[in-house]
Amino acid sequence: MTEIDAAAVDALLTRAAREVDEGLLPSCQVALAKGGELVVDEAFGAATTDSRFTIFSATKAFVASVVWQLMGEGLLDPDQLVSELLPSFGTNGKDVITLDHVLQHTSGFPMAPLSGPEWDTHEGRAAAFSRWRLNWDVGSKYEYHPTSAHWVLAELIHAVTGENHTDAVRTRVAEPLGLKAFTLGVAEADQGDIQTLVPCGDPASPDELEAALGIREIPVGEVTEEALLGLNSPAARRVGLPGGGGVSTAADVATFYQALLHNPGGLWDARVLEDVTSVVRNTFPDPMLGYPVNRSRGLVLAGDDGRSNLRGMGRTVSPGTFGHNGAGGQIAWADPASGLSFAYLTNGLDRNFLREHRRTTAIASLAGVCAPT
């Protein structure tokens, strides 16, 4: 493997397979890419390299990538008020929210609800937006918006292009990049190859959490086991949940991140792409653990403060590494220093938060040393 450390790859694959072999996780996929090409593509357990997995919030980068294109085309602007394009959104104090707030998770409506059947139509989404209320002052803090912010991005995409967000992601990103597996909004007849999400293991005890994190329970908010398992539903897969409903192979995720490194065919405006992949604009503290969240307009950056593992990228990547992981232990990033992009996907929803975090740190760290920097 050119410019790839075969021994390091073996160590990565052995670690990725471990909890599948032990019977904890039902399956997983691992992919590494470099120089615009896939160099590792493996699957373990009850999956092949062609099986598709629900990638949860790793979907967010794909949706944001359409927004970045529209910014480069002058159709969207970070300082633009959302309500100028989505009038129903400008209620209950939300009229001051800009696109930048939405991209950085500082909008103030982290748990705003939207579900079926309202999420099926633009009219239903608009009606939901009009009811949403703020939980805190816009721009005053960071709190992760698991689904609400990206519903707003989806409707902004529709407002300026006339396309559904699912179609825009397909025609503007997936098809130009040759991504054959990644899909946002899967017809029910085409869902047979998607790995079923399965809860695994027992939760960490309060004493274990306190010893490791200084807290006795994990605040779950919207991201409950029930909500995650809801994406086994054919109807939920079909709607294309913009904040977490994408399905993909690890190979397609790694290929997408190679595109963010190399911008093939000038798919994005170069200045916009450089900004979103390198400029940290949000250093508010994480509400649970207190570390700076290091968010750009749509991505997370590893940073040079020794906390890249807390941001889901392990301990060995360069400070400029960018990505966006997903619930259930999905990993997705690219490292400009090594040229590597990496994806790990699993359908095993580990109930033990500490074990999942340690798995992510171990696997991402091993991936980070698979090529010289």
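Residues numbered from 1 in each chain as written. Predicted model: local features only at pLDDT ≥ 70, side-chain atom pairs only at ≥ 80, totals over all residues. Heavy atoms only, no water.

K.L.:
Which parts of the structure should I look at to understand the packing of helix α6 (residues 148-161) against helix α7 (residues 165-174)?
P.N.:
For any two helices packed against each other, one specifies the crossing angle of their axes together with the interaxial distance. Where α6 meets α7, the closest approach of the two axes is 9 Å, and the angle between their N-to-C directions is 75 degrees. Classified by the interaxial angle, the pair formed by α6 and α7 is roughly perpendicular. In this structure, α6 contributes Trp151, Ala154, Ile157 and Thr161 to the contact, and α7 contributes His165, Ala168 and Arg172. (Axes fitted to C-alpha atoms, helices over the stretch in contact; angles between N-to-C directions. Helix = DSSP H or I, 4+ residues; strand = E, 2+ residues; numbered from the N terminus. Parallel < 35°, antiparallel > 145°, perpendicular 65-115°, else oblique. Contact = heavy atoms within 4.5 Å.)

K.L.:
Which parts of the structure should I look at to understand unusual backbone geometry?
P.N.:
Note: most residues except glycine have negative phi, and most peptide bonds are trans. The omega torsion across glycine 116 and proline 117 is 0 degrees, close enough to zero to call that bond cis. Among the structural elements, proline 117 can be located in the loop between α4 (99-104) and α5 (122-131). Phi is positive for histidine 105, which is not a glycine, with a value near 65 degrees. Relative to the assigned elements, histidine 105 resides in the loop between α4 and α5. With relative accessibility at 1%, the residue histidine 105 sits in the buried group. (Buried < 20%, exposed > 50% of the residue type's maximum accessible area, 1.4 Å probe, protein only.)

K.L.:
Looking at this model, I keep getting lost on α5. Mind explaining?
P.N.:
Structurally, the α-helix is built with 3.6 residues per turn, so residues lying three or four positions apart point the same way. All of the buried residues in α5 are Gly124, Arg125, Ala128 and Phe129. Seen end-on, α5 carries its buried residues on one side only, within an arc spanning 140 degrees. Of the surrounding elements, those touching the buried residues of α5 are α6, α7 and α10 (234-239). (Arc of directions from axis to C-beta.)

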